[in-house]
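# Remarks on the overall topology
Listed below are the residues making up each chain.
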Amino acid sequence: MRSSTTDYENRGRILILIIVGVIFIFIVRLAYLQLFSEEYDKYADSNALFKKTIYPERGVIYDRNGKLMVYNQAFYDIMVTPREMQGLDTLEFCSTLKIDRAFFEKRMTDIRNRRLNPGYSSYTPQLFMSQLSVEAYGPLQEKLYRFPGFSITNRSLRRYSRPIASHALGYVAEVNRKDIEEDNYYTLGDYSGRSGIEKMYENVLRGEKGVEVLLRDVHGRIKGSYNEGKRDLPPVPGKDLTLSLDMDLQEYGEKLMENKRGAIVAIEPKTGEILAYVSAPSYDPSLLVGSTWVQHYMELESSPHKIFLNRPIQSFYPPGSTIKPAQGLIFLQENIISPSTKFACYGGYFFARQKLGCHSHPSPLNLLDAISASCNAYFAAAYRSMIDHPQYSSVQEAYEHWRRLICSMGFGSRLGVDLPYEQSGLIPTTDYYNGIYGQRGWRGATIISNGIGQGEVLATPLQMANYCAVICNKGWYITPHIVRQVHGMEADTSTIKKHVSGIDPEHFEPIIEGMRGAVTSPMGTSKGVSIPGIEVCGKTGTAENPGVDHSIFICFAPKDDPQICMLVFIENGGFGATWAVPMASLMLEKYLKGSIAPGRKWMETRLLNANLMNVELKD
Amino acid sequence: MNSKINPISLWKAVDIQTIVIYLFLVIVGWLTVFSASYNYDSAVLFDLNSTAGKQLIWIAVSLVTAFFILLIDAKFYYYLSYNGYIIVMFLLLLTLLIAPEIKGSRSWLVFGPFSIQPAEFAKFITALTLARYLSDYGFNTRHPGSIAILFALLLIPMGLIFLQKESGTALVFLAFLLVFFREGMSGVLLFAGACFLSYFVLGLRFGEQTLWEHTSLGNFSVLLLIALVVSGLLLRYHKKDNKAWLVVLLGNVLPVMAALIWNRFTKWGFDIALLQLALLGLSVVYALYQSIRHNSRNPALIALFAVLSVAFLYGIDYTFDRVLQPHQQTRILVLLGTMDDPSGVGYNINQAKISIGSGGFWGKGFLNGTQTKLKYVPEQDTDFIFCTIGEEFGFAGSVFLLLVYGYLLVRLIFMADRQHFAFARIYGYCVASLLFVHLLVNVGMVLGLMPVIGIPLPFLSYGGSALLGFTILLFIFLRLDADNMRRH
């Protein structure tokens, strides 16, 4: 049994070679995996690390006086991971939460029901109860360690100190797929502003999400913080906003507009800041908060009164007689008339075998009085005379001049207010009329209705209030805006600008006087707006409408150095003087004086009791 | 055996290096097992109910056993072999019949809280048996009857274990083929095995791809390989100065190159594999002619080899689809990269690679492996234990461990070669080969170089029977070697 060592000893060497070779290959492979491939690190990370998003506080919203309008409240959701529920003392849990056993059982059954809860997995947290209030949260949080499988996540929901300004403020709800595609800041389940200020200033209000890096095992259970939190990123809270709205004025306006349809827009002329933004009918913004918002939304949307229509910027009407001051300015600027020019009115204006009606007043009137008395004949005649005026080479050129000037006062295009979905109104182009009538087919008489604010001209309530500001400032306006300031950010001068109209300042004098006369003069149509001790100027309007006409009124006060200009628009309100004027009067008084004088309380009561919602339908 | 044993103390003669390495591996294994089963919640090192605790018990049992093994005279092992073999085969049979089915296989005998795997004991007993058989009677490698019995001794435990559905453990027994090779078995078997493995891999890996639409890349590469191997064999094993090899080489390669160019640049493409087959056919005929002409057997054998190779190539598909089980097919395809199996077997491999790969140079530190601790790697305290080392000790640690293993294996071979008695030498080679194949497959699998075959890493993986089995395997040889040292 001696071993034959030499015969095959070489083979032993071959085996050694094989062993060394294999080990060498392994070392090379290890080098590849561990030293030269970075991806494994990343995969390991994505395996084991769970990046928990920490949501920042959404910015709060104040009114112009620093009063809180919109803020956040924490609500708590109770989550349960069914697989980890062993050893739960159900009795104690229920008593801490103040629910009964039956409710608990039913909840667990519902959670496990895949038809009700399609995403169910016993390994991942499921919603047990949502929107727990702070009061209930406290005792549960203390004892949470005793209830295996249960955890609490917190959510922040919007709260409103008063149920007002819902159209201006907008609402916050979950993002949809399109939002996620467009901005990858969002993930499923995030919230963002859907309308109004919440939407327009979303990027500022939402802050920046933070990240907490946690360790997670293969079953998805969280096992603690990674690297002692060194890779965590704290969230950046959203920036707060100060609005230009005056909360008391806004609330008052909404109260007056109850049971009516229409809009009120009040602007501070020198700054373009919107003091009140009322769209009626309105709704309580809290209805669109939290888990029931969809249901409420559907209910509100189904109303025939178009609750969600943001009337100040989304509805447009023929401005009616309220346009006359603007017309006057244009005629003066273009030298069509002078302040003393008079036109006769025979209870109407007769031209080309047609009559344009007017109400009764002395005749003839000069510009100033024509405004006060709101004479249709005057402005129809002047308009026609402008369009057909020989100083222009053609009707088209005349119209262009008119159009340019009227647009410079803010009509015909979006003003650029900081709210979404603004409409631009309509001032037709020459091409438009050329298209309908042919190049030579129209003249002053054809489009004469434009002269008195009917016809094809359409304006939004905001545009009307804004043009009132132009009058206040004698020739210019600042882009109207609702947000006065974003805390911590410089004012954005690119969007809020001074716009100078094409009308020279000296032409405003007679116009303003005319508007004052509307209040003071015996033939004035706006007498009802008068407030003791304050010089108010105004212009009524009635927008024609199948059914009952709409009631419009623009005004400002005080006459010298106006602090506030306003547009009040009431659908189916009849003559401007009936409803719009007293409403404006009360609003002005509220703003300028702080409260309504006892002697005028009756006006308030009358307005509060008025219900104009169904007027249209009755006719 | 007439031998004069030097009365020098046994303890001075025992190979101290091997014992040190053994202890090192066992301790590292224990710590790694601890880390792999480490819970964030419970950090008790010596809890006897935990995995690490149980491993400690088995370590203690193994050390005691090792101690006694060293004390027992070498002759005992010699005489133990055949009888022990029969007993263990019986145990394997018993296991097959009464063992509970765990994870699809019946391989454990359960006694209360402890269970043993007879398959682990079959390893060393088969080694002893083969060593004895090969060293007895001046065994003749050319006698077919002896070879038949030899293979039977190998195949019986393989078969029984295979029937237990532990195909991985059964395959490990192929390690003994290396021993046969060392002891004079023709290398042809090994060489053929390597060739066939290459055909298999190439054929599967590239079977679906084509060269310019007409030729399967798999077939093409394998046929080319066969042609090269044949010419190589002719060069090596046919008469010197005979240029037959060159004829075959050029005859196969040049037309094929022309065909490649033809296919690439003209629009009359054809399946080049057909051409290759024709050329190989001619080569076979030519080789037979050489055989007759020079009255030599070799070319004919080479021709036979060529024919078998081609048959094998075209039989791969059949083998793959009909013979292999689905999960085995999946494992192979995943390994070759033709199949992604992210939630099944591929998951294991992916997680293993991720785990190791994230270790970097120095590793994440003991007990800091995130993939390990958070249980991303399945079976991480048994088959995938190397992952933990890779993740926690990084490149430095992994390479060091591999080098320690490598040194152990080489040392064992060195020790085997210095044995006076064939029995001891052969047994030593058995130990080295067995350990080597375990290392090869286990670490290879973890690194993504071999298909997933569940076998432990010796001394490191958690598992009492395995640890005890390997300990016995190793220490028997240490005793044999100690006796050897004392004889001089």
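Owing to the predicted nature of the structure, the values given are computational and were not obtained by experimental measurement. Each chain carries its own residue numbering, running from 1 in the direction its sequence is written. As a convention, the first chain written is A and the first ligand written is 1, with the rest following in written order. For this predicted model, a pLDDT threshold of at least 70 governs which residues receive local features, and a threshold of 80 or more governs which side-chain atom pairs are given and counted, while totals over whole chains, interfaces and linings are taken from all residues. Side-chain measures here rest on the full set of heavy atoms in the structure, leaving out hydrogens and waters.

A separate point is the pairing of strand 12 (residues 273-280) of chain A. All names here are of chain A. Among the eight residues of strand 12, eight are classified as buried, and the element is accordingly described as predominantly covered. In this scheme, strands are said to pair when DSSP sees at least two bridges between them. Secondary structure follows DSSP: runs of H or I at least 4 residues long count as helices, runs of E at least 2 residues long count as strands, and numbering of each begins at the N terminus. Direction of pairing for strand 11 (residues 262-268) relative to strand 12: antiparallel, over a ladder of seven bridges. Opposite Ala266, over in strand 12, you have Ala276 as the bridge partner. The hairpin turn running from strand 11 into strand 12, its antiparallel successor, is four residues long, and Gly272 in that turn takes a positive phi close to 75 degrees. Relative accessible area decides the class of each residue, using a 1.4 Å probe on protein chains only: under 20% of the type maximum gives buried, over 50% gives exposed, and in between gives partly exposed.

This part is about the confidence of the model for chain B. What pLDDT reports is the predictor's confidence in each residue, on a scale of 0 through 100. Taken residue by residue, chain B gives an average pLDDT of 80. The fraction at 70 or more is 84%. What the predictor reports for the complex is a pTM of 0.61 with an ipTM of 0.81.

The geometry of an aromatic ring pair is captured by two quantities: the separation of the ring centres and the angle between the planes. The pairing test for Phe, Tyr and Trp rings, Trp by its six-membered ring, is centres within 6.5 Å, and the orientation test on the planes gives stacked under 30 degrees, edge-to-face over 60, and tilted for anything in between. A full pass over the atoms with the stated rule returns 38 aromatic pairs over all chains. With a centroid separation of 6.3 Å and 35 degrees between ring planes, the pair formed by B:Tyr286 and B:Tyr289 is classed as tilted. In this pair, B:Tyr286 and B:Tyr289 both sit in helix 12 (residues 272-294), three residues apart, roughly one turn of the helix. Look at B:Tyr289 and you get partly exposed, because its relative accessible area is 44%. Each ring is checked for a lysine NZ or an arginine CZ that lies within 6 Å of its centre and within 35 degrees of its normal; such an atom marks a charge sitting over the ring. In this arrangement the basic side chain of A:Arg11 is found over the ring face of B:Phe181, its NZ or CZ atom lying 4.5 Å from the centre. The cationic tip of A:Arg206 hangs over the ring face of A:Tyr185; the distance from NZ or CZ to the ring centre is 3.9 Å.

All names here are of chain B. Axis lines are fitted through C-alpha atoms, for helices just across the contact stretch, and the angle between N-to-C directions can take any value from 0 to 180 degrees. Where helix 2 (residues 16-36) contacts helix 3 (residues 51-71), the axes come no closer than 8 Å and their chain directions differ by 165 degrees. When the interaxial angle is binned, helix 2 and helix 3 end up roughly antiparallel. The hand of the helix 2/helix 3 crossing is right-handed. Along the contact surface, helix 2 presents Tyr22, Leu23, Val26, Trp30, Val33 and Phe34, while helix 3 presents Thr51, Ala52, Gln55, Leu56, Ile59, Ser62 and Leu63. Just so you know the grouping, Ala, Val, Leu, Ile, Met, Phe, Trp, Tyr, Cys and Pro go in nonpolar, Asp, Glu, Lys and Arg go in charged, and all remaining residues, Gly too, go in polar. Counted by class, the contact of helix 2 with helix 3 contains 10 nonpolar, three polar and no charged residues. Any angle that is under 35 degrees is reported as roughly parallel, and any over 145 degrees as roughly antiparallel; angles of 65 to 115 degrees are reported as roughly perpendicular and all others as oblique. Crossings are classed by handedness, with left-handed meaning an anticlockwise turn of the near helix from the far one by less than a right angle and right-handed meaning a clockwise turn. Throughout, a contact is declared for two residues whenever any of their heavy atoms are within 4.5 Å.

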